[in-house]
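# Structural features, examined
Residues per chain are reported as follows:
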Amino acid sequence: MADYGNRDNMGHQDDFGNTQYFKVEAEPETAAKKVLSVVYEALSKKGYDPVNQIVGYIMSGDPTYITNYMGARSLIMKVERDELVEEILKHYIHTNRWDG
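What this report covers is the structure whose coordinates are included nearby. (Residues numbered from 1 in each chain as written. Predicted model: local features only at pLDDT ≥ 70, side-chain atom pairs only at ≥ 80, totals over all residues. Heavy atoms only, no water.)

## A word on the overall build of the chain
Secondary structure summary: the chain contains 4 helices and 0 strands in total. Helices and strands in the chain line up, N terminus first, as α-α-α-α. Partitioning the intrachain contacts of the chain with sequence separation of at least 6 by distance along the chain shows that 36% fall at a separation of at least 24. Taken as a whole, the chain presents about 7600 Å² of accessible surface, with 53% of it coming from carbon and sulfur. (Helix = DSSP H or I, 4+ residues; strand = E, 2+ residues; numbered from the N terminus. Contact = heavy atoms within 4.5 Å. Areas by Shrake-Rupley, 256 points an atom, 1.4 Å probe, with all protein chains shown as cover.)

Right under this line is the structure:
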């Protein structure tokens, strides 16, 4: 939740001489991130190439690219494929420091 500091009960600023601050809480781990983690682990443990299998699923929508092991197939089907792509892209951008 955001904290806007230096405000009274009506949302008015108390003191115009002070600088207000804005603080955003750390974003909780997304469902897509958790699902990808479990699916990656399940595919690895079963001897599959997780990247190829996840890409196959995202491109085709065919859940048989994902193993049933550890409930991975049912988990991945609970998340929209575009959310999976978004999570992967956000991680890639952050890892490569494109996000400032």
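Still to come is the rest of the account.
## A closer look at the nonpolar core
Counting residues in each nonpolar core, the largest one holds 14 residues, and the members touching the most others are Val39, Ile54, Tyr57, Ile66, Ile76 and Leu84. Among the secondary structure elements, those contributing two or more residues to this core are α1 (31-45), α2 (50-60) and α3 (72-76). Among the elements that make up this core, the one with the highest residue count is α1 (6 residues). With near-sequence residues (within four places) excluded, Ile66 lies in contact with Val39, Leu43, Gln53, Ile54, Tyr57, Ala72, Arg73 and Ile76. (Core = buried A, V, L, I, M, F, W, Y, C linked by side-chain atoms within 4.5 Å. Buried < 20%, exposed > 50% of the residue type's maximum accessible area, 1.4 Å probe, protein only.)

## Focus: the environment of Lys46
Along the chain, Lys46 falls in the loop between α1 and α2. It is 7.7 Å that separates the C-alpha atoms of Lys46 and Tyr69, two residues lying 23 residues apart in sequence. Not counting residues within four places of it along the chain, the set of residues in contact with Lys46 comprises Thr67 and Tyr69.

## What about the packing of aromatic side chains?
Following the criterion strictly, the structure yields 1 aromatic pair and no others. In this structure, Lys46 is placed above the aromatic ring of Tyr69, and the distance from its NZ or CZ to the ring centre is 5.2 Å. (Phe/Tyr/Trp six-rings, centres within 6.5 Å; stacked < 30°, edge-to-face > 60°. Lys NZ or Arg CZ within 6 Å of the ring centre and 35° of its normal.)

## Re the side chain of Glu87
Position of Glu87 relative to the elements: it lies in helix α4 (residues 81-95). We classify Glu87 as buried; its relative accessible area is 12%. Excluding residues that lie within four positions of it along the chain, Glu87 makes contacts with Thr30, Ala32, Lys33 and Leu36.

## Concerning a nonpolar patch on the surface
A grouping of Tyr40, Val51, Val55 and Met59 is seen on the molecular surface, where their side chains present a nonpolar patch of about 430 Å² in accessible area. Among the elements that line the nonpolar patch, the one with the most residues is α2, at 3 residues. Classification of Val55 as partly exposed rests on a relative accessible area of 44%. (Patch = residues over 30% accessible without salt bridge, like charges linked within 9 Å, V, L, I, M, F, W, Y side chains within 5 Å. Salt bridge = Lys/Arg side-chain N within 4 Å of Asp/Glu carboxyl O.)

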